[in-house]
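Here is how the chains run, residue by residue.
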Amino acid sequence: MCAADQKDGKYLYAIIACPETREFKAHGIGERGDIVSTINHRRLAAVVSDSPVIEYDNSRRNMMAHTLVLEELMEDFCLLPVRFSTIAPNENAITERLLEKRYDEFTQLLGQMQDRIELGLKAYWYEDVVLNAVLEENDGIRKLRDSLIGKSVTESHFERIRLGEAIAEALNAKRVETEEMLLSRIRPYVCKTKTNKVISERMVLNAAFLVDRKNELELDVVIEQLSEDFNGRLMFKYVGPVAPYNFVNIAVDWATQGVSP
């Protein structure tokens with residue numbers, strides 16, 4: 001990954017409120033067994049480990065090393081996650097250009113994240129079920145499909161293109177309708193919602209929620225009820241608590257000394 005004589009920098013995992021120096025059990029990224037510890041400034045700390053100044057690829061091994069540090073931190077701290085593969089040239093850069101310069105901003109963000117967690121929900125259609133629903137609800141699409149029965153692909157080429165476009169449009173409309181139906185049930189129990197891009201034709205919802213810890217069990221019940229209500233139509237993947245990447249993700253540009261949430 002790096003030349004033998006390359007000087008180490010400091011790999012950043014998160015910003016936490018911690019006035020005293022700490023070391024953690026998880027090993028640093030890169031499989032060298034580097035100690036994960038804090039660099040402190042007043043009441044804030046950056047959680048770091050030694051690392052060559054390189055660009056880490058987002059392999060499962062590297063992502064897991066990064067995540068394990070955050071999971072350990074979450075046991076005792078509210079945290080602001082730092083973007084994956086962020087490496088400072090040295091300790092002074094972290095103290096002077098990050099913790100000192102953005103002290104008030106980070107303190108405010110930590111206050112906003114205090115006693116809150118991120119939970120994620122993905123919902124997927126069962127493909128045959130949603131297609132049948134679209135056909136049942138759209139007379140025009142159903143009639144167009146039936147009109148193609150017995151026709152060769154060559155003679156019905158343009159009609160098949162039109163059918164595909166009509167089905168895609170109807171599926172998207174149904175996805176938007178279903179997404180809003182799901183979110184309307186969830187919103188009363190969360191502080192913030194972020195919807196992310198759906199990444200497959202079967203995906204209906206790809207969302208993250210910032211939730212007060214005291215409301216976590218209530219939201220669990222809501223998700224369970226949704227799973228029952230949509231049984232056989234939607235498959236749910238509910239994950240968390242995780243670090244609040246979707247609501248604050250510190251990105252550092254050492255060249256301009258800039259940090260953006």
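Relevant structure appears above.
Per chain, the residues get numbers from 1 upward, laid out in the order the sequence is written. Local features in a predicted model are, by the rule used here, given only for residues with pLDDT of at least 70; side-chain atom pairs are given and counted only at 80 or more, and totals for whole chains, interfaces and linings are based on all residues. Side-chain calculation: all heavy atoms of the structure are included, whereas hydrogens and water are not.

(A) Fine view of helix α3 (residues 103-113). Every buried residue of α3 is listed here: Y103, E105, F106, L109, L110 and M113. End-on view of α3: buried residues confined to an arc of 160°, all on one side of the axis. When the buried face of α3 is taken as reference, the exposed residues oriented beyond 90 degrees from it are D104, Q108 and G111. Where helices and strands are cited, they refer to DSSP runs of H or I of at least four residues and of E of at least two residues respectively, numbered from the N terminus. Downstream of α3 by one or two residues, D115 has phi in the positive range, about 60°. Only protein chains enter the accessibility calculation, which uses a 1.4 Å probe; a residue whose area is less than 20% of its type maximum is buried, one above 50% is exposed, and one in between is partly exposed. Directions drawn from the helix axis to the C-beta atoms are what define this arc.

(B) Main features of the sheet that holds strand β8 (residues 192-195). Pairs of strands are assigned from DSSP output, requiring at least two bridges between the strands. An order of β8-β9-β7-β10 is seen for the four strands of this open sheet, with the pairing classed as antiparallel. Edge positions in the sheet fall to β8 and β10 (234-242), since each has one partner strand and no second. Across the sheet, the mean angle separating the axes of adjacent strands is 20° when strand polarity is ignored. Pairing of β8 with strand β9 (residues 203-212), which is carried by four bridges, proceeds in the antiparallel orientation. Paired with T193 across the bridge in β9 is F209. A fitted line through C-alpha atoms represents every axis, and for helices the fit uses only the stretch in contact; the resulting angles, taken between N-to-C directions, go from 0 to 180 degrees.

(C) Up close: unusual backbone geometry. Looking along the chain, the bond that leaves G240 and enters P241 is cis, with omega of 0°. With respect to the secondary-structure elements, P241 resides in strand β10. The phi angle at E31 is positive, at roughly 60°, despite the residue not being glycine. Counting through the fold element by element, E31 comes out in the loop between β2 (23-27) and β3 (35-41). Relative accessible area serves as the criterion here: at 59%, E31 is assigned to the exposed category. In the Ramachandran plot, D115 falls in the positive-phi region, its phi being about 60° despite a non-glycine side chain.

(D) Helix α4 (residues 127-137), seen in detail. For α4, the set of buried residues is V130, A133, V134 and L135. Throughout, a residue-residue contact means that at least one pair of heavy atoms, one from each residue, lies within 4.5 Å. Those residues of α4 hidden inside the fold are in contact with β7 (116-125), α5 (139-147) and α6 (157-186).

(E) Broad picture of the pairing of β7. Among the 10 residues in β7, eight count as buried, and that is most of the element. Examined bridge by bridge, β7 and β9 share nine bridges and lie antiparallel to one another. Bridge assignment links E118 to a residue of β9, and that residue is L210. Bridge analysis of β7 against β10 gives seven bridges, and the strand direction is antiparallel. When the sheet's bridge partners are listed, W125 is paired in β10 with L234.

(F) How the structure looks around the state of the cysteines. Cysteine sulfur atoms that pair up within 2.5 Å are treated as a disulfide. Within the structure shown, the criterion is met by zero disulfides. C18 forms no disulfide, and the closest cysteine sulfur to it belongs to C78, at a distance of 13 Å. Among the cysteines around C191, which has no disulfide bond, C78 carries the closest sulfur, lying 12 Å off.

(G) Expanded view of the pattern of salt bridges. Think of a salt bridge as a Lys or Arg side-chain nitrogen and an Asp or Glu carboxyl oxygen that are within 4 Å of each other. Per the stated rule, a full pass over the model turns up nine salt bridges. The partner of D212 in a salt bridge is R116, with the nearest N and O atoms 3.0 Å apart. Taken together, the residues D212 in strand β9 and R116 in strand β7 connect sequence positions 96 residues apart. Classification of R116 by relative accessible area gives partly exposed; the value is 30%. Two residues, D229 and R185, come together in a salt bridge whose shortest N-O distance is 2.7 Å. Taken as a pair, D229 in helix α7 (residues 216-229) and R185 in helix α6 lie far apart in primary sequence, 44 residues in all. Under the relative-accessibility criterion, D229 is labelled partly exposed at 34%. Given a relative accessible area of 32%, R185 falls into the partly exposed group. Residues joined in a network through salt bridges with shared partners are D8, R32 and D34.

(H) Structural view of the packing of aromatic side chains. Pairing of aromatic side chains requires ring centres within 6.5 Å, counting the rings of Phe and Tyr and the six-membered ring of Trp. Pairs whose planes differ by under 30 degrees are stacked, by over 60 edge-to-face, and all others tilted. Applying the stated criterion across every chain, the model contains three aromatic pairs. When the centroid spacing of 6.3 Å and the interplanar angle of 80° are considered together, the rings of F24 and F77 count as edge-to-face. Residue F24 is found in strand β2, and its partner F77 is found in the loop between α1 (60-74) and β5 (79-81); the two are separated by 53 residues along the sequence. Using a relative accessible area of 11% as the deciding quantity, one classes F24 as buried. Members of the aromatic cluster, joined through ring pairs, are Y11, Y13 and Y56.

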